[in-house]
Amino acid sequence: MNNISVIGSGTMGNGIAHTFAQFGYSVNLIDINQSALDKALQTITKNLDRQVAKGTLSEHQKSETLANIKTHTNIEAGVKNADLVVEAATENVDLKLKIFKDLDAFAPAEAILASNTSSISITQIAAVTNRGDKVIGMHFMNPVPVMKLVEVIRGYQTSDETTDTIMTLSESLQKTPVEVNDYPGFVANRILMPMINEAIYTLYEGVAGVYEIDTVMKLGMAHPMGPLQLADFIGLDVCLAILKVLHDGFGNPKYAPCPLLVNMVAAGKKGAKTGEGFYTYTSGSKDLIVANKFKKS
């Protein structure tokens, strides 16, 4: 397995492309417009420069990594020779189903189709294809080049052979793959999102402020980042989408999104990517300026 296609060039997609390319795989990075792809290559270059500055990568390795990445705006051309396709599009079920129908039509019959979804059912995604045994979840963590975990999600039809291939492939990227079964939120987000939601409720109900809540969790629970800052980093719209999947999937009110989260997303305050969420950020970066003040109303 050498030819990897990545669908979507956003934060996760460019990180996945970067990681595969760094470890010698040929990567086709696919998005609907060239400007998004150009931005992704700039981000990958900047992240590679950071690795070179830290001494974890040589200039030659940086050049080889970039040479391993080609960009495409046409999905058919981008996946026609793929051994593996990793979909990293927006966390929207209708969009993902459309993409997988197209992938099933355009990718080689023997290709494995993986989704980087953080919560959407792999079984549901596989059902729109004619290769359910070759559809699997490959949930990377952000930032992909740094984080070691890959959550490998088996759908109802996913074969042992496909699972073993993806576990071994993940290890070739110096990642630690963990196999889980296909239920809403899998493991990572089934545990993480209720914690984030409860932190938002703690703010919403006036128990403490943003800085105070995050400080308690960092210093008291040894979390490297507080849950509210982490929510900003993930994207508040993404957090809301995952909570809705959990709430719909289990029908349990404990997964109901906090009204404050719903309102913030409706107002366009989606975290670091929009410059404001629970914190305000320096334009064009994820550097904190200040923890924002909130009222219950």
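Bear in mind the structure is a predicted one, so any value in this text is a computation, not a measurement.

**A look at the overall build of the protein chain**
Inference 1: Secondary structure summary: the protein chain contains 12 helices and 10 strands in total.
Inference 2: The C-alpha radius of gyration of the protein chain comes to 19 Å, within 12% of the 19 Å expected for a compact globule of 297 residues.
Inference 3: Along the first, second and third principal axes, the C-alpha set of the protein chain runs to 55 × 45 × 35 Å.
Inference 4: Per-residue burial over the protein chain gives 45% buried out of 297 residues.
Inference 5: Residue pairs at least 24 apart in sequence account for 64% of intrachain contacts in the protein chain once pairs closer than 6 positions are excluded.
Inference 6: For the protein chain, the accessible area works out to roughly 14100 Å², and carbon and sulfur atoms hold 52% of it.

**What to know about the sheet that holds strand β7 (residues 149–154)**
Inference 1: Strands sit in the order β3-β2-β1-β4-β5-β6-β7-β8 across an open sheet of eight strands; the sheet is mixed. The open sheet has two edge strands, β3 (69–72) and β8 (176–181), and neither has a second partner. Pairwise comparison of adjacent strand axes, ignoring direction, gives a mean angle of 25 degrees for this sheet.
Inference 2: For strand β6 (residues 135–140) and β7, the ladder comprises five bridges, and the chain directions are antiparallel. Across the sheet, residue Gly 137 finds its bridge partner in β7, namely Ile 153.
Inference 3: With respect to the sheet, helix α2 (residues 34–54) is in contact with β2 (26–30) and β3, its orientation differing from that of β3 by roughly 160 degrees.

**A word on the nonpolar core**
Inference 1: Counting 31 residues, the largest nonpolar core has Ile 16, Phe 20, Val 27, Leu 84, Met 138, Phe 140 and Ile 166 as the members making the most contacts within it.
Inference 2: The biggest single contributor to this core is helix α1 (residues 11–22), with five residues.
Inference 3: Residues within four places of Met 138 in sequence aside, it is in contact with Phe 20, Leu 84, Val 86, Ala 114, Ser 115, Asn 116, Val 150, Glu 151, Ile 153, Ile 166, Leu 169 and Ser 170.
Inference 4: By size, the runner-up hydrophobic cluster in this structure holds 25 residues, among which are Met 193, Leu 228, Ala 231 and Cys 239.

**Regarding the side chain of Asn 189**
Inference 1: When you line up the elements, Asn 189 lands in helix α8 (residues 188–204).
Inference 2: Dropping the residues within four chain positions of it, Asn 189 is found in contact with Ser 118, His 139, Pro 194, Ile 242 and Leu 246.

**Brief notes about the pairing of strand β1 (residues 3–7)**
Inference 1: Most of β1 sits out of view: four of its five residues are buried.
Inference 2: In this structure, β1 lies alongside strand β4 (residues 84–87), joined through four bridges in parallel fashion. Within the sheet, the bridge partner assigned to Ile 7 lies in β4 and is Glu 87.

**Topic: the environment of Thr 56**
Inference 1: Along the chain, Thr 56 falls in the loop between α2 and α3 (59–67).
Inference 2: C-alpha of Thr 56 to C-alpha of Lys 80: the two residues are 24 residues apart in sequence and 34 Å apart in space.
Inference 3: In this structure, Thr 56 is in contact with Gln 51 and Gln 61, ignoring residues within four places of it in sequence.

**Examining helix α12 (residues 259–266)**
Helical geometry note: an α-helix holds 3.6 residues per turn, so side chains three or four residues apart project in the same direction.
Inference 1: Within the sequence span of α12, burial applies to Leu 260, Leu 261, Met 264 and Val 265. For α12, the buried positions fall inside an angular range of 130 degrees around the axis, keeping them on one side. Exposed side of α12, more than 90 degrees from the buried face: Asn 263 and Ala 266 are the residues found there.
Inference 2: Packing partners of the buried residues in α12 comprise α8 and α11 (236–250).
Inference 3: Taken from the residues just after α12, Gly 268 is the one with a positive phi, measuring 85 degrees.

**Quick word on the packing of aromatic side chains**
Inference 1: All chains considered together, the criterion is met by five aromatic pairs.
Inference 2: Here the aromatic rings of Tyr 201 and Tyr 204 are separated by 6.2 Å at their centres, their planes lie at 75 degrees, and the arrangement is edge-to-face. Of the two residues, Tyr 201 and Tyr 204 both sit in helix α8, three residues apart, roughly one turn of that helix.
Inference 3: These aromatic residues form a ring-pair network of at least three members: Phe 20, Tyr 25 and Phe 140.

**Digging into the side chain of Thr 158**
Inference 1: Mapped onto the fold, Thr 158 is located in the loop between β7 and α7 (160–172).
Inference 2: For Thr 158, the side chain forms a polar contact with the main-chain oxygen of Val 135, separated by 2.7 Å.

What counts, and where the lines are drawn
- Residues numbered from 1 in each chain as written.
- Predicted model: local features only at pLDDT ≥ 70, side-chain atom pairs only at ≥ 80, totals over all residues.
- Heavy atoms only, no water.
- Helix = DSSP H or I, 4+ residues; strand = E, 2+ residues; numbered from the N terminus.
- Rg over C-alpha atoms; globule rule 2.2 N^0.38 Å.
- Buried < 20%, exposed > 50% of the residue type's maximum accessible area, 1.4 Å probe, protein only.
- Contact = heavy atoms within 4.5 Å.
- Areas by Shrake-Rupley, 256 points an atom, 1.4 Å probe, with all protein chains shown as cover.
- Pairing = 2+ DSSP bridges.
- Axes fitted to C-alpha atoms, helices over the stretch in contact; angles between N-to-C directions.
- Core = buried A, V, L, I, M, F, W, Y, C linked by side-chain atoms within 4.5 Å.
- Arc of directions from axis to C-beta.
- Phe/Tyr/Trp six-rings, centres within 6.5 Å; stacked < 30°, edge-to-face > 60°.
- Polar contact = N/O pair within 3.5 Å; in protein donor to acceptor, adjacent residues only side chain to side chain.

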